[in-house]
There are 4 protein chains.
Amino acid sequence: MSGNIKVTIWNEYRHEKQHDEVASVYPEGIHKAIGAGLGTDRFDVSYAVLDDPEHGLTEEVLNRTDVLVWWGHMAHGEVQDEIVERVHNRVLRGMGLIVLHSGHFSKIFKKLMGTSCDLKWREANEKERIWVVKPGHPIVDGIGEYIELPAEEMYGEHFDIPEPDELVMVSWFEGGEVFRSGCCYSRGMGKIFYFRPGHETFPTYYNPQIRKVISNAIEWAAPVKRDYPRYGHAVPSIEPIKGKS
Amino acid sequence: MSGNIKVTIWNEYRHEKQHDEVASVYPEGIHKAIGAGLGTDRFDVSYAVLDDPEHGLTEEVLNRTDVLVWWGHMAHGEVQDEIVERVHNRVLRGMGLIVLHSGHFSKIFKKLMGTSCDLKWREANEKERIWVVKPGHPIVDGIGEYIELPAEEMYGEHFDIPEPDELVMVSWFEGGEVFRSGCCYSRGMGKIFYFRPGHETFPTYYNPQIRKVISNAIEWAAPVKRDYPRYGHAVPSIEPIKGKS
Amino acid sequence: MSGNIKVTIWNEYRHEKQHDEVASVYPEGIHKAIGAGLGTDRFDVSYAVLDDPEHGLTEEVLNRTDVLVWWGHMAHGEVQDEIVERVHNRVLRGMGLIVLHSGHFSKIFKKLMGTSCDLKWREANEKERIWVVKPGHPIVDGIGEYIELPAEEMYGEHFDIPEPDELVMVSWFEGGEVFRSGCCYSRGMGKIFYFRPGHETFPTYYNPQIRKVISNAIEWAAPVKRDYPRYGHAVPSIEPIKGKS
Amino acid sequence: MSGNIKVTIWNEYRHEKQHDEVASVYPEGIHKAIGAGLGTDRFDVSYAVLDDPEHGLTEEVLNRTDVLVWWGHMAHGEVQDEIVERVHNRVLRGMGLIVLHSGHFSKIFKKLMGTSCDLKWREANEKERIWVVKPGHPIVDGIGEYIELPAEEMYGEHFDIPEPDELVMVSWFEGGEVFRSGCCYSRGMGKIFYFRPGHETFPTYYNPQIRKVISNAIEWAAPVKRDYPRYGHAVPSIEPIKGKS
């Protein structure tokens with residue numbers, strides 16, 4: 001048994017099968033491109049897609065997953081609520097979650113954030129610069145001052161998320177917008193990272209700097225080894241309570 | 001038309017009708033005791049309870065409410081999901097929300113937090129000291145170093161909430177626990193304050209310092225005057241995008 | 001005696017006297033332009049400048065100041081350390097502080113932040129868009145989705161500040177940079193707001209939206225009414241400590 | 001060359017030489033007890049004390065240090081300002097800093113925080129319970145719901161620090177106080193962790209759970225591999241600036 005982090009990469013996997021433009025960029029699916037970027041030295045990578053039974057996210061799969069990566073877009077509504085509950089439950093118990101790009105509108109991200117997760121968008125092949133604003137954070141280990149993508153979909157503020165626990169990156173777009181692109185949260189024992197780039201028509205997930213951010217984020221989000229907190233009725237722990245009989 | 005803040009105090013209002021012990025403390029209901037503590041100088045106060053039609057939270061009521069105060073405990077499950085959606089929608093559009101004590105387990109608080117909101121608890125008539133840890137915050141204007149309650153229900157960590165945007169108060173309990181008792185959040189345009197004390201068998205909501213915190217929190221949570229952000233497709237705002245034809 | 005907020009606007013007031021270009025924009029000094037934008041309804045405004053005795057910041061002036069506004073640039077080093085200590089002391093005791101533009105490099109801001117407060121800059125008459133990222137915050141009451149300034153000095157990330165307690169605004173610059181432009185902090189009982197725009201050669205402080213942000217910030221930063229915390233040796237407050245003789 | 005984290009443990013090392021009571025608990029000094037708790041598997045440990053030349057913190061020592069641990073109490077004022085500047089400079093460039101117990105009043109911690117760092121204290125051999133409030137944080141990996149110390153010096157709120165970026169632990173004291181005991185910050189590229197326990201007359205640094213927290217904190221605070229940001233004048237990065245000639 002390796003000490004590697006067990007990663008499950010979940011992809012909706014519809015654009016690639018329905019749109020030639022996307023298939024030409026990601027012939028094996030976005031999930032496989034992301035997985036190829038992680039390497040096998042520190043990660044044991046598995047895949048799951050929407051059309052698998054239970055979306056590939058059985059109890060057994062989730063229980064052995066340290067960090068789940070999520071890409072979805074056109075079929076958020078097809079993800080069953082029961083599976084969303086299951087993933088949510090696992091995040092609270094420590095499983096890390098990396099939400100990519102259009103996953104901002106996934107059921108699981110909205111449930112964890114408590115907000116609409118809405119934003120502005122525009123498809124105009126704009127230049128994006130993702131600036132690092134927290135230079136000592138482990139998620140930007142090995143990353144330069146900014147990552148430049150020559151063409152991406154624009155996402156603009158206001159992005160309706162809770163203020164991040166840690167804001168690591170902010171994007172600049174050619175057309176005049178900014179966006180909080182790298183956002184850290186904790187929910188229960190789980191750590192969550194939202195990372196903006198990755199529209200399906202661009203080769204973003206082949207970019208070495210983008211791949212480095214995703215692998216850093218997975219390491220950051222890996223669970224700690226602790227028991228789940230005990231909740232509910234607590235017997236008095238310091239007895240007797242002073243002054244009470 | 002006054003410039004006062006429009007406050008709606010929502011109470012489950014069941015304990016008071018079912019348990020003599022509670023009725024003896026709050027004969028007109030917890031909501032009326034909270035409302036009496038606010039005064040009429042700066043607040044226009046209305047009331048709504050679970051057994052009102054639509055739980056008293058019609059679109060019309062919510063649209064004219066600046067800040068909603070919420071107390072519930074034994075009947076969280078009877079609050080209709082449709083009303084929870086309605087309140088959630090109003091919070092994102094700017095309505096303030098003050099969640100009291102056992103309201104930590106209300107549907108609306110859990111939906112806004114994205115976590116289980118679980119905690120430890122014990123009913124042992126323990127002394128509670130609520131220490132101020134953010135001394136310049138407007139919610140503790142006029143409050144001493146701590147508020148001491150001679151007997152309260154204990155709530156203990158871990159409290160399964162997102163890390164507060166601002167942590168204003170922390171409770172000490174005689175039996176050995178601590179608790180993050182005054183927690184500020186923003187969600188969309190809405191501000192949310194969770195305030196721990198207020199078990200139904202104790203006269204907590206008659207305490208002048210507790211009343212001061214609640215009225216401060218309502219003022220803090222009052223909405224700003226701004227349009228709701230525009231989301232969705234954005235036309236290019238700086239034209240033409242440089243280098244694109 | 002009015003219930004107005006007592007504001008002292010401090011300006012280095014050197015550029016205006018030495019550079020015709022600046023004098024033509026701010027003939028009475030940047031401080032007077034800022035003060036004119038506040039109005040007299042809610043604020044009692046005083047002024048202090050570097051070349052006043054004690055820089056105009058005597059104990060008496062500071063003790064009656066609720067919120068201090070700070071603009072400085074070319075003469076940060078001439079501000080005496082003793083006065084910096086005095087201002088610092090007052091901030092910890094509750095005085096609000098609004099630091100504008102090049103004030104990022106003032107001694108008082110660096111002392112309160114604990115970092116270098118360094119940044120990137122460029123004078124190229126660039127368009128700036130200051131986007132609101134926290135839409136329910138009182139500092140952006142009455143402000144649109146963004147404030148557009150047709151020409152400003154660029155400030156770019158990385159801005160070496162502690163991660164803000166609340167990040168309210170983020171700037172976009174034509175040349176490719178972003179900047180955290182509206183940043184809230186608390187230190188002791190004092191509230192601090194850093195606001196980026198305001199290079200001395202541009203008429204930024206006549207812009208009604210910029211003026212609205214500054215007046216909102218002053219209201220947000222006004223002190224609460226509480227005693228300063230007691231520090232040092234604490235007598236046992238719950239006696240006797242259980243199990244000790 | 002090992003891949004271990006290079007740790008320098010700095011101790012004032014005066015109490016141990018001047019007070020028999022302390023010497024009997026820490027005969028080789030607090031620093032050596034802390035170092036013994038780290039083990040050698042993942043850490044290369046060095047020591048430095050106040051009475052060493054340059055307090056043992058030469059440029060050469062600091063440049064090779066990944067994480068500096070700091071214990072001081074009775075002689076904060078003897079630490080030379082020049083050395084404080086040097087340590088500060090290294091923290092901004094990425095060196096981690098773990099500040100223990102009475103180090104809250106050290107020059108370096110106050111400089112990094114920007115506040116008085118004052119607090120309440122009492123020496124009454126009180127029971128302390130350090131509760132975990134952020135259960136998924138790497139600093140509490142392997143730690144139970146709380147750490148109980150049978151006797152410690154009390155530190156109580158208000159603790160005059162900036163609100164922590166992440167609050168990991170909160171202490172309960174028998175005498176009625178609470179304290180934010182495990183506090184994470186970032187300053188520049190450096191990560192800082194303040195950890196409360198460790199009065200010189202108690203064997204706290206032999207406690208396995210305390211040792212585990214310190215070793216976790218060192219791993220958390222280790223620097224990332226990135227160039228220090230470039231500050232100052234920035235040439236236009238996207239040329240020519242649109243609409244400018």
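For the structure, see preceding data.
Residues numbered from 1 in each chain as written. Chains lettered and ligands numbered in written order. Predicted model: local features only at pLDDT ≥ 70, side-chain atom pairs only at ≥ 80, totals over all residues. Heavy atoms only, no water.

## A short note on the pairing of strand 9 (residues 190–195) of chain C
Residue and element names in this part refer to chain C.
- Counting buried residues in strand 9 gives six out of six residues, a clear majority hidden from the surface.
- Side chains Gly190, Ile192 and Tyr194 of strand 9 all project onto a buried face; the interleaved residues Lys191, Phe193 and Phe195 project onto the opposite face, where all are buried too.
- Two strands pair when backbone bridges link them, and strand 4 (residues 96–100) and strand 9 are joined in this way by four bridges, in the parallel orientation. When the bridges of strand 9 are listed, Val99 appears paired with Tyr194.
- As paired strands, strand 8 (residues 178–187) and strand 9 are joined by six bridges and run antiparallel to one another. Counterpart to Tyr185 in the pairing with strand 9 is Ile192.
- In textbook terms, the turn of a hairpin is the stretch between consecutive antiparallel strands, and for strand 8 and strand 9 this stretch comprises two residues, one of which, Gly188, has a positive phi near 60°. (Buried < 20%, exposed > 50% of the residue type's maximum accessible area, 1.4 Å probe, protein only. Helix = DSSP H or I, 4+ residues; strand = E, 2+ residues; numbered from the N terminus. Pairing = 2+ DSSP bridges.)

## Some thoughts on the relation of the copies chain A and chain C
- For these two chains of identical sequence, chain A goes onto chain C by a turn of 180° and a shift of 0.0 Å along the axis, with RMSD 0.0 Å. Between the two chains, the operation in question is that of a two-fold axis.
- Taken together, the interface assignments show that 100% of the residues at the interface of chain A recur at the interface of chain C, consistent with an identical surface on both copies. (Least-squares fit on C-alpha atoms with pLDDT ≥ 70 in both. Contact = heavy atoms within 4.5 Å.)

## Thoughts on the relation of the copies chain B and chain A
- Structural alignment of chain B on chain A gives an RMSD of 0.0 Å, achieved by rotating through 180° and translating 0.0 Å along the axis.
- A shared binding surface is used by both copies, with 100% of the interface residues of chain B retained as interface residues in chain A.

## What to know about the packing of helix 3 (residues 30–38) of chain A against helix 7 (residues 208–221) of chain A
All names here are of chain A.
- Closest axis-to-axis distance for the helix 3/helix 7 pair is 9 Å, and the angle between their directions is 75°. Between helix 3 and helix 7, the crossing angle belongs to the class labelled roughly perpendicular. Two secondary-structure elements touch here, helix 3 through Ala33, Ile34, Ala36, Gly37 and Leu38 and helix 7 through Arg211, Ile214, Ser215 and Ile218.
- For the contact of helix 3 with helix 7, the per-class residue count stands at six nonpolar, two polar and one charged. (Axes fitted to C-alpha atoms, helices over the stretch in contact; angles between N-to-C directions. Parallel < 35°, antiparallel > 145°, perpendicular 65-115°, else oblique. Nonpolar A, V, L, I, M, F, W, Y, C, P; charged D, E, K, R; others polar.)

## Some thoughts on the side chain of Arg226 of chain C
- Among the structural elements, Arg226 of chain C can be located in the loop between helix 7 (208–221) and strand 10 (232–233).
- Despite being buried, Arg226 of chain C has no salt bridge partner; Glu145 of chain B is the closest side chain of opposite charge, sitting 6.7 Å away.
- Reaching out from Arg226 of chain C, the side chain makes a polar contact with the backbone oxygen of Ile143 of chain B at a distance of 2.8 Å.
- Apart from residues no more than four positions distant in its own chain, Arg226 of chain C is found in contact with Val132, Pro135, Val140, Asp141, Gly142, Ile143, Gly144 and Glu145 of chain B together with Met189 of chain C. (Lys, Arg positive; Asp, Glu negative; His and termini not counted. Salt bridge = Lys/Arg side-chain N within 4 Å of Asp/Glu carboxyl O. Polar contact = N/O pair within 3.5 Å; in protein donor to acceptor, adjacent residues only side chain to side chain.)

## Some remarks on the environment of Lys32 of chain A
- Tracing the chain through its elements places Lys32 of chain A in helix 3.
- When the C-alpha positions of Lys32 of chain A and Tyr47 of chain A are compared, they lie 7.8 Å apart, and in sequence the two are 15 residues distant.

Note that every value here comes from positions in space, so none of it alone points to a role or purpose.
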